[in-house]
Amino acid sequence: MKKSKLTCLQTLQPPTTSKIAAISNTDSLLDSFSSSSATQNSTTTAHAALSPVWHCAWSRDGTILATCHGRPDPCIRLWKQPKPTESHPPRSSSSSWNLIATLRGEEGGNEFTSSLTKPRTIRSVSFAPTPPNVRAILAAASFEGSISIWEDFSSESNGKQEGMPSHHYDYGMDHYNEEEEEAVNPPHFNNHHQRQRVRKQGERNIGDTACGWECTAQLEGHESEVKDVTWNATGTLLASCGRDKTVWIWECFLPGTIGGDGNGSTGPNGGEGDFECLAVLQGHGGDVKCVKFAPSHGQFGDGDEILLSGSYDDSIRCWAEDAGEWYCAMVLDGVHMSTIWSIAVSPSGVRMVSGSADKSLAIWKCYTVIERKELETEGSDTVAAVYRGLSDGLWKCVGKLPNAHSQPIYCLDCAPLKAGHGRILSGGGDDCINVYREVGGTSDAPLFSLDVTAKRAHDGDVNCVKWHPTDGRLFVSSGDDGLVKIWRYE
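Residues numbered from 1 in each chain as written. Predicted model: local features only at pLDDT ≥ 70, side-chain atom pairs only at ≥ 80, totals over all residues. Heavy atoms only, no water.

S.K.: Residues and numbers for the overall build of the chain, please.
M.R.: The number of helices and strands found in the chain is 7 helices and 30 strands. Going through the 490 residues of the chain one by one, you find that 59% of them count as buried. Restricting the contact set of the chain to residue pairs at least 6 apart, pairs at least 24 apart contribute 62%. Total accessible area on the chain stands at roughly 19400 Å², and carbon and sulfur atoms take up 48% of it. (Helix = DSSP H or I, 4+ residues; strand = E, 2+ residues; numbered from the N terminus. Buried < 20%, exposed > 50% of the residue type's maximum accessible area, 1.4 Å probe, protein only. Contact = heavy atoms within 4.5 Å. Areas by Shrake-Rupley, 256 points an atom, 1.4 Å probe, with all protein chains shown as cover.)

Below, the structure is given as structure tokens:
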């Protein structure tokens, strides 16, 4: 059997803070940033001034990559491949990625800037699954307790690039300090339903931001830092979670989606998104680190999807919808012995993988209501440990990799259906990226082995790994060293 390997194709390294201050237009920015074939021997000195990169997200078609950066230059950066021309025909998705926009704003520069003394961290970004003929929409979770919604109006400004974009956030705490802050300053609670609100931007002035990206709304309600944000499969729901131990579900009316305003085009008649808080879910005993939607398969409530959340309390909760109300269908505990940092769901939606600070990966299977009853009849201890519902299906841990990394696991991802190989990707505090593959067993007791690893993939914690949505050979990673890397898996 041919041995798999990982090759770093490109390192996306933004300009240093000093250079950014002197840059007044996007063309100069593109000329100044470093994008080169990566080596595994990059030094700490060379990256000392770079902001940590907390999270990455691909657009639905994989043509745009969004990254979150921290101090000393907190911002969101957007990367894209050059459009093919006659002299430069189309190439693979591994071709060079260029910086096209940096989303930031000076303190007090607009109504979406933090009211705190210092701007706050952007911890997570997620593209809405809008149709191809609809403008790109990006959600960003902020440590100031809000979710910002960004929309790309470039088609309305004819692709005009007017200098640096206009939004600014702050990152600064690594994983350890994030927990330390929580211990010193625990969150408190108010009536969240009374506090929630959506701040909409006033009249737009097309062309004010580079490449046409503008912040059009800010969703407020969390009492403190928002740790993660994710869309459902249709773009009709947005979930967020945070240090206040809550999970929020927002109903979304995006252009081109169910209930969305306008005809879904990218032109002026396409409308802008609108948002409304549907539910504030409480039950976790610690801050909630991650959220992920999955199909319900008709086994949980009467909704089409469930929501999974992982927490500092070492548990995963499965939330379901019934008659328009969201409830906790299950608590999955007793498997991980420390914080659950990341959750990924397979394309089929019947398998979930969780990664924890206890250095392990857990493999979960979704069972139907009938299968659950059969397992209960057999007296399964695992079912008794995790099942809390009355008439729902069951998530059961069917496998575990106890030493998947030598340090806490901060991120993981299941390969999308188009990848065609079903691999699990993970990264952690040991600076490594691992790819695991299923080598046998059954769906009730799968066997996984380490396929390939990239040691010292980053000079510091690996904060995020994401498979490319359409090209199974590619994935992206980001880390505390301030670098974003494009990898080829073969």
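Anyway, onward from the coordinates.
S.K.: Which residues make up the pairing of strand β3 (residues 53-58), and what values go with them?
M.R.: Each regular strand shows side chains that alternate between the opposite faces of the sheet. By the criterion of burial, β3 is predominantly enclosed, with 6 of the 6 residues buried. Inspection of the sheet shows β3 paired to strand β4 (residues 64-69) by 5 bridges, in the antiparallel sense. Looking across to β4, one finds that H55 is bridged to C68. Counted along the chain from β3 to the antiparallel partner β4, the turn is 5 residues long, and its residue G62 has a positive phi close to 75 degrees. (Pairing = 2+ DSSP bridges.)

S.K.: Could you give an account of the packing of aromatic side chains, with specific residues and numbers?
M.R.: Scanning all chains against the criterion turns up 7 aromatic pairs. Summarising the aromatic geometry, the rings of F127 and W213 are spaced 6.5 Å apart at their centres and angled 70 degrees between planes, so their arrangement reads as edge-to-face. Of the two residues, F127 sits in strand β7 (residues 122-127) while W213 sits in strand β11 (residues 213-220), which places them 86 residues apart along the sequence. Take F127 and W213: they sit in the same class, and that class is buried. On the basis of an interplanar angle of 75 degrees and a centroid distance of 5.8 Å, the ring pair of W467 and Y489 is categorised as edge-to-face. Residue W467 is located in strand β28 (residues 462-467), and its partner Y489 is located in strand β30 (residues 484-489); the two are separated by 22 residues in the primary sequence. Judged by its relative accessible area of 3%, W467 is buried. (Phe/Tyr/Trp six-rings, centres within 6.5 Å; stacked < 30°, edge-to-face > 60°.)

S.K.: Let's hear about the sheet that holds strand β23 (residues 394-401): which residues, and what values?
M.R.: In spatial order, the strands read β20-β21-β22-β23; together these 4 strands make up an open sheet with antiparallel pairing. In this open sheet, the two strands that pair with only one neighbour each are β20 (340-345) and β23. Within the sheet, the average angular offset between the axes of one strand and its neighbour, ignoring direction, is 25 degrees. Relative to strand β22 (residues 361-367), strand β21 (residues 351-356) runs antiparallel, the two being bridged by 5 bridges. Paired with G355 across the bridge in β22 is L361. (Axes fitted to C-alpha atoms, helices over the stretch in contact; angles between N-to-C directions.)

S.K.: Please give an account of the side chain of D287 that cites residues and values.
M.R.: Checked against the element boundaries, D287 lands in the loop between β15 (274-282) and β16 (288-295). On the accessibility criterion, D287 (0% relative accessible area) is buried. Side-chain polar atoms of D287 contact the side chain of K227, separated by 2.5 Å. (Polar contact = N/O pair within 3.5 Å; in protein donor to acceptor, adjacent residues only side chain to side chain.)

S.K.: Can you tell me about the nonpolar core, naming the residues and giving the values?
M.R.: Core analysis: the largest hydrophobic core is formed by 37 residues, its most contacted members being F300, L308, W364 and W395. Here the element with the most residues in this core is β22; it accounts for 6 residues. (Core = buried A, V, L, I, M, F, W, Y, C linked by side-chain atoms within 4.5 Å.)

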